[in-house]
Amino acid sequence: MRVFKELYEDAKNIKKKDPASRNILEVIILYPGFHILVFHRLAHFLYRHKLKFLARLVSQIGRFFTGIEIHPGAKIGRRLFIDHGMGIVIGETATIGNNCTIYHNSTLGGTGKDKNKRHPDIGNNVMVGAGAKVLRANKNRK
């Protein structure tokens, strides 16, 4: 199935980018950055199929186990590497391109209570450093 192929691709990417990892099995079993991608793929599927309560429940379970909070509505590209992910928050309307890296204690958030697009877009091949706060400002502010 496609989802397993993509998750294996994610695990291979983490192995490639993290010099501390010894093998792909270690990544799959021990890396919270990989675990949250599994939770997010399930939650995002449920969210897209209008099962929003279940989607949020899955994302909150993932947050409990990993310390990484990704809203089920966030769109995440291929091969995301979340390194030392504790404290990462990714908002509902955020999009993340392919081949990105996000380090601990980072936020992709908004600055208001807009109902539409309120979180930032991160392109391909972007690194978000530790402690970064990437916010999308409300364009309709006066």
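About the criteria used
- Residues numbered from 1 in each chain as written.
- Predicted model: local features only at pLDDT ≥ 70, side-chain atom pairs only at ≥ 80, totals over all residues.
- Heavy atoms only, no water.
- Helix = DSSP H or I, 4+ residues; strand = E, 2+ residues; numbered from the N terminus.
- Rg over C-alpha atoms; globule rule 2.2 N^0.38 Å.
- Contact = heavy atoms within 4.5 Å.
- Phe/Tyr/Trp six-rings, centres within 6.5 Å; stacked < 30°, edge-to-face > 60°.
- Buried < 20%, exposed > 50% of the residue type's maximum accessible area, 1.4 Å probe, protein only.
- Lys NZ or Arg CZ within 6 Å of the ring centre and 35° of its normal.
- Expected span 1.5 Å × (residues − 1).
- Arc of directions from axis to C-beta.
- Axes fitted to C-alpha atoms, helices over the stretch in contact; angles between N-to-C directions.
- Parallel < 35°, antiparallel > 145°, perpendicular 65-115°, else oblique.
- Salt bridge = Lys/Arg side-chain N within 4 Å of Asp/Glu carboxyl O.

Undergrad: Give me the lowdown on the overall build of the chain, citing residues and values where you can.
TA: When you go through the chain residue by residue, the secondary structure sums to 4 helices and 10 strands. Counting from the amino terminus, the chain carries its helices and strands in the arrangement α-α-α-α-β-β-β-β-β-β-β-β-β-β. A compact globule built from 142 residues would reach a C-alpha radius of gyration of about 14 Å, and the chain, at 15 Å, matches this within 12%. Projected onto the principal axes, the alpha-carbon positions of the chain cover approximately 50 × 30 × 25 Å. Within the chain, counting contacts between residues at least 6 apart in sequence, those at least 24 apart form 44% of the total.

Undergrad: I'd like a rundown of the packing of aromatic side chains, residues and numbers included.
TA: On inspection of all chains with the given rule, the structure shows 2 aromatic pairs. Considering the side-chain rings of Phe-39 and Phe-65, the 6.5 Å spacing of their centres and the 10° angle between planes classify their relative orientation as stacked. Residue Phe-39 is found in helix H3 (residues 32-48), and its partner Phe-65 is found in helix H4 (residues 52-66); the two are separated by 26 residues along the sequence. Centre to centre, the rings of Phe-64 and Phe-65 are 5.2 Å apart; their planes meet at 80°, and the pair counts as edge-to-face. Relative accessible area serves as the criterion here: at 67%, Phe-64 is assigned to the exposed category. Aromatic rings pair up to connect Phe-39, Phe-64 and Phe-65 into one cluster. The ring centre of Tyr-47 lies 4.9 Å from the NZ or CZ of Lys-52, which sits over that ring.

Undergrad: I'd like to hear about H4, residue by residue, with values.
TA: For H4, with 15 residues, the first-to-last C-alpha span of 21 Å sits near the 21 Å given by 1.5 Å per residue. Buried within H4 are the following residues: Ala-55, Val-58, Ser-59, Gly-62 and Thr-66. Angular distribution of buried residues about the axis of H4 spans 95°; they occupy a single face of the element. Pointing more than 90 degrees away from the buried face of H4 are the exposed residues Phe-53 and Phe-64.

Undergrad: Now, about the packing of H3 against H4: what can you tell me, with residues and values included?
TA: Where H3 meets H4, the axes come as close as 8 Å, and the angle between the chain directions of the two elements is 175°. As judged from the angle between their axes, H3 and H4 are roughly antiparallel. Note on element contacts: H4 touches H3 through Lys-52, Leu-54, Ala-55, Val-58, Ser-59, Ile-61, Gly-62, Arg-63, Phe-65 and Thr-66, opposite Pro-32, His-35, Ile-36, Phe-39, Leu-42, Ala-43, Leu-46 and Tyr-47.

Undergrad: An account of the pattern of salt bridges is requested, with residue identities and associated values reported.
TA: In the structure shown here, the tally under the stated rule is 9 salt bridges. Arg-2 serves as the salt-bridge partner of Glu-6, at 3.0 Å between the closest nitrogen and oxygen. Taken together, the residues span about one helical turn, with Glu-6 and Arg-2 both in helix H1 (residues 2-17) at a distance of 4 residues. Across the salt bridge formed by Asp-10 and Arg-41, the nearest N and O atoms sit 2.4 Å from each other. Note that Asp-10 is positioned in helix H1 and Arg-41 in helix H3, a separation of 31 residues in sequence. Overall, Asp-10 belongs to the buried group, its relative accessible area being 1%.

Undergrad: Help me get a handle on unusual backbone geometry, residues and values and all.
TA: Residues other than glycine seldom take positive phi values, yet Arg-79 does so here, at roughly 60°. By secondary structure assignment, the location of Arg-79 is in the loop between strand E2 (75-76) and strand E3 (81-83). You will see that Asn-125, though not glycine, has its phi angle at about 60°, which is positive.

Worth remembering: the numbers are spatial, not functional.
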